[in-house]
Amino acid sequence: VNWNPVDSIRQWNKNAVSGTGQYQVACVGGNNITGYIYVSSNFGNNWTQKESIRNWSHVSISSSGQYQVAVVGNTGYSVTGRIYISSNFGDTWQVGTAPDLMWSCVSISSTGQYQTAIAYTAQIYISSDFGVNWSAKLTEIGNKSWNAVSVSSSGQYQTAGINGGNIYTSSNFGVDWTERTGNVGNWKSVSISFTGQ
């Protein structure tokens with residue numbers, strides 16, 4: 001009903017909210033803009049600056065808020081970066097094992113155990129250990145630009161979209177992916193239900 005500005009004007013890129021809304025994370029980036037990650041533990045009333053200045057492109061948060069993930073890299077610019085994870089409500093961040101890529105989007109399961117990140121340069125990476133280790137999936141489709149990914153609550157069901165391509169789905173935690181024909185388009189965003197149905 002009512003909205004209140006609670007932080008300075010910045011080029012906010014993405015934000016994510018925990019199940020109860022208590023924990024929130026937002027990032028600054030895009031159009032050659034660099035900035036920080038910001039976290040809140042009091043329903044967005046106050047925000048704390050975290051991590052170094054980077055071109056952050058996307059963030060995601062677990063249901064409890066304990067596990068958070070952020071990625072660096074924006075399309076159209078020669079920016080590559082890593083995947084950064086937090087297991088203490090965004091207080092401190094560490095780098096996952098995934099390589100330097102131009103990351104576009106990341107999504108996390110409710111518990112935080114399963115995480116999927118996609119790069120503009122046609123790579124999907126998945127993690128099943130809360131973002132510590134990552135493995136490459138679906139690298140054989142050629143020069144496609146991944147834009148969006150979404151993960152169900154359990155992490156089992158996942159959907160991803162390609163710029164100028166099709167929608168892909170997975171029903172085994174992102175290990176295998178199926179192309180859904182007849183859906184060619186410039187997919188910018190996808191969303192999945194709690195169960196994935």
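Reading the values: rules and limits
- Residues numbered from 1 in each chain as written.
- Predicted model: local features only at pLDDT ≥ 70, side-chain atom pairs only at ≥ 80, totals over all residues.
- Heavy atoms only, no water.
- Pairing = 2+ DSSP bridges.
- Helix = DSSP H or I, 4+ residues; strand = E, 2+ residues; numbered from the N terminus.
- Axes fitted to C-alpha atoms, helices over the stretch in contact; angles between N-to-C directions.
- Phe/Tyr/Trp six-rings, centres within 6.5 Å; stacked < 30°, edge-to-face > 60°.
- Buried < 20%, exposed > 50% of the residue type's maximum accessible area, 1.4 Å probe, protein only.
- Polar contact = N/O pair within 3.5 Å; in protein donor to acceptor, adjacent residues only side chain to side chain.
- pLDDT = per-residue confidence, 0-100.
- Core = buried A, V, L, I, M, F, W, Y, C linked by side-chain atoms within 4.5 Å.
- Contact = heavy atoms within 4.5 Å.
- Disulfide = S-S within 2.5 Å.

## Side note on the sheet that holds strand S11 (residues 123-127)
Move 1: Strand order in the open sheet formed by 4 strands is S9-S10-S11-S12, with antiparallel pairing between adjacent strands. Of all strands in the sheet, those with a lone pairing partner are strand S9 (103-108) and strand S12 (135-137), marking the two edges. On average, adjacent strands in this sheet sit at an angle of 25 degrees to one another, irrespective of strand direction.
Move 2: As paired strands, strand S10 (residues 115-119) and S11 are joined by 5 bridges and run antiparallel to one another. Note on S11: the bridge partner recorded for Ala 117 is Tyr 125.

## A closer look at the sheet that holds strand S8 (residues 94-95)
Move 1: Taken together, the 4 strands give an open sheet; going across it, the order is S5-S6-S7-S8, and neighbouring strands pair in antiparallel fashion. A single partner strand is all that each edge strand has here, and the edge strands are strand S5 (56-61) and S8.
Move 2: Examined bridge by bridge, strand S6 (residues 68-72) and strand S7 (residues 83-86) share 4 bridges and lie antiparallel to one another. Among the inter-strand pairings, Val 71 is bridged to a residue of S7, identified as Ile 83.

## With respect to the packing of aromatic side chains
Move 1: All chains considered together, the criterion is met by 8 aromatic pairs.
Move 2: Where Tyr 23 meets Phe 89, the ring centres are 4.6 Å apart and the plane angle is 35 degrees; that geometry is what we call tilted. Residue Tyr 23 is located in the loop between strand S1 (12-17) and strand S2 (24-30), and its partner Phe 89 is located in the loop between S7 and S8; the two are separated by 66 residues in the primary sequence.
Move 3: The exposure class of Tyr 23 is buried, given its relative accessible area of 17%.
Move 4: Centroid distance Tyr 36 to Tyr 38: 6.5 Å. Interplanar angle 85 degrees. Geometry classified as edge-to-face.
Move 5: Overall, the relative accessible area of 23% leaves Tyr 36 in the partly exposed class.
Move 6: Grouping aromatic residues by their ring pairs yields a cluster made of Trp 12, Tyr 36 and Tyr 38.

## Examining the environment of Ile 126
Move 1: With respect to the helices, strands and loops of the structure, Ile 126 is situated in strand S11.
Move 2: With relative accessibility at 8%, the residue Ile 126 sits in the buried group.
Move 3: A C-alpha to C-alpha distance of 4.5 Å links Ile 126 and Thr 116, two positions 10 residues apart in sequence.

## What to know about the side chain of Ser 57
Move 1: Tracing the backbone through its elements, the reader meets Ser 57 in strand S5.
Move 2: Of the polar contacts made by the side chain of Ser 57, one reaches the backbone oxygen of Gly 73; its length is 3.1 Å.
Move 3: A polar contact is formed between the side chain of Ser 57 and the backbone oxygen of Trp 103, at a distance of 2.8 Å.

## Details of the confidence of the model for the chain
Move 1: With 93% of its residues at a pLDDT of at least 70, the chain reaches an overall mean of 90.
Move 2: Of all secondary-structure elements in the chain, the lowest mean pLDDT belongs to strand S15 (residues 178-186), at 79, while S7 reaches the highest, 97.

## Let's talk about the nonpolar core
Move 1: Membership of the largest hydrophobic core comes to 14 residues, with the highest contact counts inside it found for Ile 83, Trp 103 and Ala 117.
Move 2: Elements with a minimum of two residues in this core: S6, S7, S9 and S10.
Move 3: Element by element, the count of residues in this core is highest for S9, at 3 residues.
Move 4: Dropping the residues within four chain positions of it, Ala 117 is found in contact with Val 71, Ile 83, Trp 103, Cys 105, Val 106, Gln 123, Ile 124, Tyr 125 and Trp 134.
Move 5: With 13 residues, the next largest nonpolar core counts Val 39, Ile 61, Val 72 and Tyr 84 among its residues.

## Comments concerning the state of the cysteines
Move 1: Tallied over the full model, the rule gives 0 disulfides.
Move 2: Of all cysteine sulfurs in the structure, the one in Cys 105 sits closest to Cys 27, which takes part in no disulfide; the separation is 10 Å.
Move 3: You can call Cys 105 buried: its relative accessible area is 4%.

## A closer look at unusual backbone geometry
Move 1: Even without glycine at this site, Phe 89 takes up a positive phi of about 65 degrees.
Move 2: Looking at Phe 89, the relative accessible area reads 34%, which means it is partly exposed.
Move 3: Of note, the phi angle at Phe 130 is positive, near 65 degrees, even though the residue is not glycine.
Move 4: The class for Phe 130 is partly exposed, based on a relative accessible area of 30%.

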